[in-house]
Amino acid sequence: MKKKDHIQQEVDKTMRSLDKIKKAEADPFFYTRLEARLETRLDKKRERSSVQGRWQLSLGWAVVVLVLINVFSMLSYAYYHREKGLESRNYYLEEIYQDYELATNTVYEAAVNDD
Amino acid sequence: MRNDLYIKSLQKGDPATFRELVERYKNQIYNTCLGFVKNQEDAKDLAQEVFIEAYQSIDSFRAEAGLSTWLYRIAVNKSLEHLRRKKAKKRWSFLQALFGEGDEPELSVPDDSFHPGIALENKDRARLLMKAMETLPEKQQVAFTLHKVEGLSYHEIAKVMEMSLSAVESLMFRAKKGLQKQLFDYYEKDEKN
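Since the structure is predicted, the reported quantities are computational estimates derived from the model, not experimental observations.

Undergrad: Give a detailed account of the overall build of chain B, specifying residues and quantitative values.
TA: Check the secondary structure of chain B and you find eight helices and zero strands. Taking the principal axes of its C-alpha atoms as reference, chain B extends roughly 65 × 35 × 30 Å. Here chain B holds 193 residues, and 44% of them are scored as buried. Put simply, 60% of the contacts in chain B that link residues at least 6 apart link residues at least 24 apart. In the form shown here, chain B has an accessible surface area of approximately 10800 Å², with 50% of it arising from carbon and sulfur atoms.

Quick look at the structure:
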């Protein structure tokens with residue numbers, strides 16, 4: 001019992017050990033160091049934004065160039081196939097004319113037709 | 001300067017106003033951080049980080065809570081983050097030393113002086129108490145530290161922790177009970193040795 005009382009007394013004393021604690025104070029150069037740290041942090045942020053900005057601009061230009069290349073390719077493809085298409089059409093028309101003798105090809109044939 | 005003008009001036013990034021804020025609250029913030037981390041160098045670093053965060057996030061400051069409440073909140077969060085990182089490092093070191101030497105006592109007292117505001121005759125007891133505080137659940141630790149080290153009233157603690165007064169009273173009651181039990185076990189073991 002005495003032992004427990006003694007232990008409890010020690011516990012109570014320890015629980016009270018922070019009762020009269022004096023508040024600690026920051027050192028006099030606190031603001032100077034803070035200012036320097038803040039400046040470094042803001043510089044790093046600005047640098048990151050600038051690098052990021054450059055990357056974004058480069059990426060933007062790369063996308064524009066790619067789009068232009070694609071548009072040019074599509075237009076070239078369309079133009080080429082249109083030309084090819086016309087050529088084929090003319091070729092097939094020729095074939096049909098010849099098959100059905102629709103075209104007058106020679107002077108002799110024209111003379112025969114006149115008769 | 002009126003409070004709303006003061007805040008507007010801070011939000012505009014006025015250096016003189018920011019300096020005034022730092023000079024006004026630096027001791028409170030430093031003392032609060034020291035109460036949690038128990039290391040003067042770490043507390044200095046954390047206190048600076050608190051003001052940097054305040055500078056960068058002043059736009060999100062809501063005037064319902066006072067400036068000091070807001071700063072205390074940031075200080076508590078930063079301190080708790082620091083303690084969590086430290087605990088994680090300790091766990092890793094413990095795993096590494098798993099096959100090392102025998103058991104350490106549950107409340108081992110650190111050698112370094114951690115709070116200059118404690119009277120010499122109380123230093124050993126205070127170190128022991130602060131070590132025991134580390135074992136409390138987080139919310140109890142916050143409430144107890146803000147009350148004992150920073151001297152905030154339960155009402156002020158309720159504003160910082162964004163809880164009711166009765167919730168803070170309950171936390172303090174449980175914290176004291178938990179600490180008394182820890183200390184009782186420690187002294188009992190000490191007596192046997």
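The structure having been displayed, the exposition proceeds.
Undergrad: Before we move on, can you summarise the overall build of chain A with the specific residues and values?
TA: In terms of regular secondary structure, chain A is built from three helices and zero strands. Ordered by position from the N terminus, the helices and strands of chain A form the series α-α-α. Relative to its 115 residues, chain A shows a buried fraction of 14%. Accessible surface, chain A as shown: approximately 10200 Å² in total, 58% of it carbon and sulfur.

Undergrad: Give a detailed account of the nonpolar core, specifying residues and quantitative values.
TA: The biggest cluster of nonpolar side chains holds 70 residues, and the ones touching the most others in it are Leu18 of chain A together with Phe18, Ile29, Phe51 and Leu71 of chain B. In this view, isoleucine 29 of chain B contacts Ala47, Val50, Phe51, Leu71, Tyr72 and Ala75 of chain B; residues no more than four positions away in its chain are not counted.

Undergrad: So what about the packing of helix α2 (residues 30-99) of chain A against helix α3 (residues 40-57) of chain B? Which residues, and what values?
TA: One can describe the packing of α2 of chain A onto α3 of chain B by two numbers: an axis separation of 10 Å at closest approach and a directional angle of 55 degrees. As far as their axial angle goes, α3 of chain B and α2 of chain A are oblique. The handedness of the crossing between α2 of chain A and α3 of chain B comes out as right-handed. Between α2 of chain A and α3 of chain B, the residues in contact are Phe30, Arg33, Leu34, Arg37, Leu38, Arg41 and Leu42 of chain A and Lys44, Asp45, Ala47, Gln48, Glu49, Phe51, Ile52, Tyr55 and Gln56 of chain B, respectively.

Undergrad: Describe in detail the packing of helix α2 (residues 15-37) of chain B against helix α4 (residues 67-96) of chain B, supporting the description with residues and values.
TA: Residue and element names in this part refer to chain B. Put simply, α2 and α4 touch, their axes get as near as 9 Å, and they point 35 degrees apart. Remark: the crossing between α2 and α4 carries right-handed chirality. Contacts from Leu21, Tyr25, Gln28, Ile29, Thr32, Cys33, Phe36 and Val37 of α2 reach α4 at Leu67, Ser68, Leu71, Tyr72, Ala75, Val76, Ser79, Leu80, His82, Leu83 and Lys86.

Undergrad: Before we move on, could you go through the interface of chain B and chain A and cite the residues and values that matter?
TA: Taken residue by residue, the interface counts 42 residues in chain B and 29 residues in chain A. Across the chain B/chain A interface, buried area totals approximately 3600 Å², and carbon plus sulfur atoms make up 65% of it. Where chain B meets chain A, there are six salt bridges. Across the salt bridge formed by glutamate 49 of chain B and arginine 41 of chain A, the nearest N and O atoms sit 2.7 Å from each other. Between the two partners, chain B and chain A, sit 15 residue pairs in polar contact (both at pLDDT 80 or more).

Undergrad: Can you explain a nonpolar patch on the surface? Please cite residues and give values.
TA: Where nonpolar side chains cluster on the molecular surface, the patch consists of Leu59, Val63, Val67, Val71, Met74 and Leu75 of chain A and spans about 580 Å² of accessible area. Inspection of the secondary structure assignment puts leucine 75 of chain A in helix α2.

Undergrad: Tell me about helix α6 (residues 138-148) of chain B, residues and numbers included.
TA: Burial analysis of α6 of chain B places eight of its 11 residues in the buried class, which makes it a mostly covered element. Looking at α6 of chain B, one finds that the buried residues are Gln140, Gln141, Val142, Ala143, Phe144, Thr145, Leu146 and Lys148 of chain B. Where α6 of chain B is buried, its residues contact α1 (2-15) of chain A together with α2, α4, α5 (123-133), α7 (154-161) and α8 (165-192) of chain B.

Undergrad: How would you summarise a positive patch on the surface if you had to cite specific residues and measurements?
TA: Residues and elements named next belong to chain B. On the surface, Lys86, Lys87, Lys90 and Arg91 cluster together into a positively charged patch. For arginine 91, the position within the fold is in helix α4. Residue arginine 91 is classed as exposed on the basis of its relative accessible area of 54%.

Undergrad: Any details on unusual backbone geometry? Residues and values, ideally.
TA: Residue and element names in this part refer to chain B. One non-glycine residue, lysine 38, lies in positive phi territory at about 55 degrees. Here glutamate 162, not a glycine, exhibits a phi torsion of approximately 55 degrees, which is positive. Along the chain, the position of glutamate 162 falls in the loop between α7 and α8. Taking the relative accessible area as the measure of exposure, glutamate 162 reaches 54% and is therefore exposed.

Undergrad: Run through the side chain of arginine 125 of chain B, naming residues and quoting values.
TA: The topology assignment puts arginine 125 of chain B in helix α5. Within the structure, arginine 125 of chain B has its side chain in polar contact with the side chain of threonine 14 of chain A (distance 3.2 Å). Side-chain polar atoms of arginine 125 of chain B contact the side chain of tyrosine 187 of chain B, separated by 3.4 Å. Excluding its chain neighbours within four sequence positions, the residues that come into contact with arginine 125 of chain B are Glu10, Lys13, Thr14 and Ser17 of chain A together with Tyr187 of chain B.

Conventions adopted
Residues numbered from 1 in each chain as written. Chains lettered and ligands numbered in written order. Predicted model: local features only at pLDDT ≥ 70, side-chain atom pairs only at ≥ 80, totals over all residues. Heavy atoms only, no water. Helix = DSSP H or I, 4+ residues; strand = E, 2+ residues; numbered from the N terminus. Buried < 20%, exposed > 50% of the residue type's maximum accessible area, 1.4 Å probe, protein only. Contact = heavy atoms within 4.5 Å. Areas by Shrake-Rupley, 256 points an atom, 1.4 Å probe, with all protein chains shown as cover. Core = buried A, V, L, I, M, F, W, Y, C linked by side-chain atoms within 4.5 Å. Axes fitted to C-alpha atoms, helices over the stretch in contact; angles between N-to-C directions. Parallel < 35°, antiparallel > 145°, perpendicular 65-115°, else oblique. Left-handed = near helix turned anticlockwise from the far one by under 90°. Buried area = accessible area lost by both parts, 1.4 Å probe. Salt bridge = Lys/Arg side-chain N within 4 Å of Asp/Glu carboxyl O. Polar contact = N/O pair within 3.5 Å; in protein donor to acceptor, adjacent residues only side chain to side chain. Patch = residues over 30% accessible without salt bridge, like charges linked within 9 Å, V, L, I, M, F, W, Y side chains within 5 Å. Lys, Arg positive; Asp, Glu negative; His and termini not counted. Charge placed at Lys NZ, Arg CZ, Asp CG, Glu CD.

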